[in-house]
Amino acid sequence: MEKIRLGIIGFGNMGTTHAKNVWSGNVPEMELSAICDILPQRLDVARKLYPEVPLYDNATDLYKSGKCDLVLIAVPHYDHSSLAIEAFENGLNVITEKPAGVYTKQVIEMNEAAKCSNKLFGIMYNQRTNPMYQKIRQMVQSGELGHIKRISWIITDWYRPQSYHDSCAWRSTWKTEGGGALINQNPHQLDLWQWMFGMPDRITSHVSFGKYYDIEVEDDVTAYFEYDNGTTGTYITSTGEAPGTNRLEIACDMGKIVVEDGKMIFYRNVISEREFNKTFTGVFGSPECWKCELPVSGSGEQHVGILKDVAKSLLKGTPLLAPGIEGINGLTISNAIHLSAWADKTVDVKNFPHDEFYSILCDKIKESKVDKSGIVQRNSDTENTY
């Protein structure tokens, strides 16, 4: 196999981005071999941009065409799982856009299908290419930070006006998108959290639904994470603050790391706080601390980096940076935050009640009172349209 033949399912916002990256040669090991969308107007756009690329109006025909080695699924969230499972059944390798799905039950089925197929399964967690988050992960795993005491991530620079929620027919309802800020804007950060620090054991949350916008899903979230080893965390996110904040703070035995405004500052204790506490005999005091700006820059190759990584894995057998089966981790955190708010309780993440969450979600879907298709004239050229 000299080049990986890529088919794209869903020629909306992200599908067009991935097609352009591959067609432009940004991923030398891949070639654009097929495009699928259920809307004729999107296929018309694809035909004008890529007249030599075969087009399909349904995924099944593309899967059975023999034109592709790998498919990239870039459609609304509820369809990720079913389209991935069908691709595996047809002997294809798969990349899915984030999130892995809307609810854990469907993602468990998708992961099982991936394992049974023995095919490559990746997910577009492009933030894992960011050298800053890679550095934090390496520092945590190496033990050089000592025990992690507290993690706080304020990520409120997701501001979206009402017109954003009205821009696409599938946005911002339980029935069509499956959630709001957590399922749309935050999957990358929830994945990074568990990738860097591991999965929390318990989650308690306070969530507002339609606090700032005429929507039925969440737009303001505060969640409290607990770990069995004593680590705690707070995760705060919103789409209704302008200007917003993106600040990650990690308190640990060896000091404190702050990531904000593209900089990573390590307030490094000369000796660990726990060692200082054992040996210091005065009344007031604290460890000597050095302010160190760690030398990391740039944001990595992002989407192109994930595509290159997948190609390398297929051609050379290297491990994936973002395996698809790990998509369930961030989604479990998201589902647990929702469930905690809905049921007004602390949720056991290790023994997550998949059926309970799915049952309440189904009720939310049935009770949905928003039929946005009759309210706003949609611009279908900007939708993820599969």
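Here goes a summary of the coordinates provided. (Residues numbered from 1 in each chain as written. Predicted model: local features only at pLDDT ≥ 70, side-chain atom pairs only at ≥ 80, totals over all residues. Heavy atoms only, no water.)

1. A look at the overall build of the protein
For the record, the criterion: Comment: elements are numbered from the N terminus, with helices defined as DSSP H or I runs of at least four residues and strands as E runs of at least two. Radius of gyration here is computed from C-alpha atoms only, and the compact-globule reference equals 2.2 Å multiplied by the residue count raised to the power 0.38. Exposure categories follow from relative accessible area, calculated using a 1.4 Å probe and restricted to protein chains: below 20% of the type maximum is buried, above 50% is exposed, and the middle band is partly exposed. We call two residues contacting when some pair of their heavy atoms lies within 4.5 Å. Note that accessible areas follow from Shrake-Rupley with a 1.4 Å probe, and for residues the cover is restricted to the protein chains shown. When charges are counted, neither His nor the chain ends are considered; positive counts come from Lys and Arg and negative counts from Asp and Glu. For this purpose, a charge sits on NZ of Lys, CZ of Arg, CG of Asp or CD of Glu.
A tally of helices and strands in the protein yields 13 helices and 15 strands. By the compact-globule yardstick of 21 Å for 386 residues, the protein fits well, its C-alpha radius of gyration being 22 Å. Across the 386 residues in the protein, those meeting the buried criterion constitute 52%. Partitioning the contacts of the protein with sequence separation of at least 6, the portion at a separation of at least 24 is 70%. Accessible area of the protein: about 16800 Å², with a carbon and sulfur share of 48%. Each charge class in the protein was averaged separately, 39 positive and 49 negative side chains, and the resulting centres sit 3 Å apart.

2. Describing the state of the cysteines
Note the following rule: Only a pair of cysteine sulfur atoms within 2.5 Å counts as a disulfide in this structure description.
With the rule as written, the count across this model stands at zero disulfides. Looking at Cys289, it has no disulfide partner, and the nearest cysteine sulfur is the one in Cys292, 7.7 Å off.

3. Re the packing of helix 5 (residues 104-117) against helix 12 (residues 327-343)
Applied cut-off: Only C-alpha atoms enter the line fits that serve as axes; for helices the fit covers just the stretch in contact. Angles between N-to-C directions range over 0 to 180 degrees. Any angle between 65 and 115 degrees counts as roughly perpendicular, while under 35 counts as roughly parallel, over 145 as roughly antiparallel, and the rest as oblique.
Relative orientation of the contacting elements helix 5 and helix 12 amounts to 170°, with a least axis distance of 10 Å. One finds that helix 5 runs roughly antiparallel with respect to helix 12. Of the residues in helix 12, those in contact with Thr104, Val107, Ile108 and Asn111 of helix 5 are Ile328, Leu331, Thr332 and Asn335.

4. Brief notes about helix 2 (residues 40-49)
The α-helix advances 3.6 residues per turn, and as a result positions three or four apart in sequence lie on the same side. Put simply, the rule reads: By construction, the arc corresponds to the directions joining the helix axis to the C-beta atoms.
Among all positions of helix 2, only Arg42, Leu43 and Ala46 are buried. Summarising the axial view, the buried residues of helix 2 lie within an arc of 100°, below the 170-degree limit, and thus occupy one face. The exposed residues of helix 2 that point more than 90 degrees off its buried face are Pro40 and Lys48. On the buried face of helix 2, the contacting elements are helix 1 (13-23), strand 2 (30-36) and strand 3 (55-56).

5. Quick look at empty space enclosed by the protein
Just so we agree on the cut-off: Points on a 1 Å grid, built from protein atoms alone, make a cavity when a 1.4 Å probe fits but cannot get out and make a pocket when they are open with protein on both sides within 12 Å along at least 5 of 7 lines; residues with an atom within 4 Å of a point are the lining residues. Grid points are joined across faces, edges and corners, and a volume is the space filled by probe spheres set on the points. Each residue is assigned to one class: nonpolar for Ala, Val, Leu, Ile, Met, Phe, Trp, Tyr, Cys and Pro, charged for Asp, Glu, Lys and Arg, and polar for all the others, Gly among them.
All told, the structure shown has two cavities of 30 Å³ or more when counted by the stated rule. Volume-wise, the largest cavity comes out at about 50 Å³. What lines the largest cavity is simply Tyr164, His165, Ser172, Glu177, Gly179, Gly180, Ala181, Asn184, Gln185, Ile215, Glu218 and Thr239. The set of elements that each furnish at least two residues to the lining of the largest cavity consists of helix 7 (162-165) and helix 8 (181-184). Here the lining of the largest cavity is composed, by residue class, of three nonpolar, seven polar and two charged. In this structure, the second largest cavity spans a volume of roughly 40 Å³. In terms of lining, the second largest cavity is formed by Pro99, Tyr125, Leu182, Ile183, Pro187, Gly330, Leu331 and Ser334. The set of elements that each furnish at least two residues to the lining of the second largest cavity consists of helix 8 and helix 12. Examining the composition of the lining of the second largest cavity, we find that three residues originate from one element, helix 12, more than from any other.

6. With respect to helix 9 (residues 187-197)
With 11 of 11 residues buried, helix 9 lies mostly within the body of the structure. Restricting attention to buried positions, one finds in helix 9 the residues Pro187, His188, Gln189, Leu190, Asp191, Leu192, Trp193, Gln194, Trp195, Met196 and Phe197. After helix 9 finishes, the residue Gly198 shows a positive phi value of roughly 90°.

7. Observations concerning the side chain of Asp309
Inclusion rule: In the sections that follow, a salt bridge refers to a side-chain nitrogen of Lys or Arg positioned within 4 Å of a carboxyl oxygen of Asp or Glu.
Secondary-structure assignment places Asp309 in helix 11 (residues 302-316). Despite its burial, Asp309 remains without a salt bridge, the nearest opposite charge being carried by Lys312 at 6.4 Å. Residues contacting Asp309, with those up to four places away along its chain left out, are Pro319, Leu320, Leu321 and Ala322.

8. Concerning the packing of helix 12 against helix 13 (residues 354-367)
Test applied: Crossing handedness: left-handed means the near helix sits turned counterclockwise from the far one by under a right angle, and right-handed means the same turn made clockwise.
Relative to each other, helix 12 and helix 13 sit at 70°, their axes nearing to 10 Å. Viewed along their axes, helix 12 and helix 13 adopt a mutual orientation that is roughly perpendicular. Between helix 12 and helix 13 lies a crossing of left-handed hand. Facing Asn335, His338, Leu339, Trp342 and Ala343 of helix 12, the residues of helix 13 in contact are Glu356, Phe357, Ile360, Leu361 and Lys364. When the residues that make up the contact of helix 12 with helix 13 are grouped by side-chain class, the tally is six nonpolar, two polar and two charged.

9. Quick word on the layout of surface pockets
Estimated volume of the second largest pocket: approximately 190 Å³. Lining the second largest pocket, in full, are Asn130, Met132, Tyr133, Trp153, Asn246, Leu248, Val259, Glu260, Asp261, Gly262 and Gly298. Those elements that provide at least two residues to the lining of the second largest pocket are helix 6 (131-142), strand 11 (246-252) and strand 12 (255-260). Per-class residue counts for the lining of the second largest pocket are five nonpolar, four polar and two charged.

10. Section: unusual backbone geometry
In the segment running from Lys98 into Pro99, the intervening peptide bond is cis, with an omega of -10°. Mapped onto the elements, Pro99 comes out in the loop between strand 5 (93-96) and helix 5. The linkage connecting Ala242 with the following residue, Pro243, adopts the cis geometry, with an omega of -5°. Here the phi dihedral of Ser172 falls at roughly 65°; this positive angle occurs in a residue that is not glycine. Its location among the elements puts Ser172 in the loop between helix 7 and helix 8. The backbone of Asp261 sits at a positive phi, close to 55°, despite the residue not being glycine. Mapped onto the elements of the fold, Asp261 is located in the loop between strand 12 and strand 13 (263-269). Accessibility expressed as a relative area gives 73% for Asp261, which makes it exposed.

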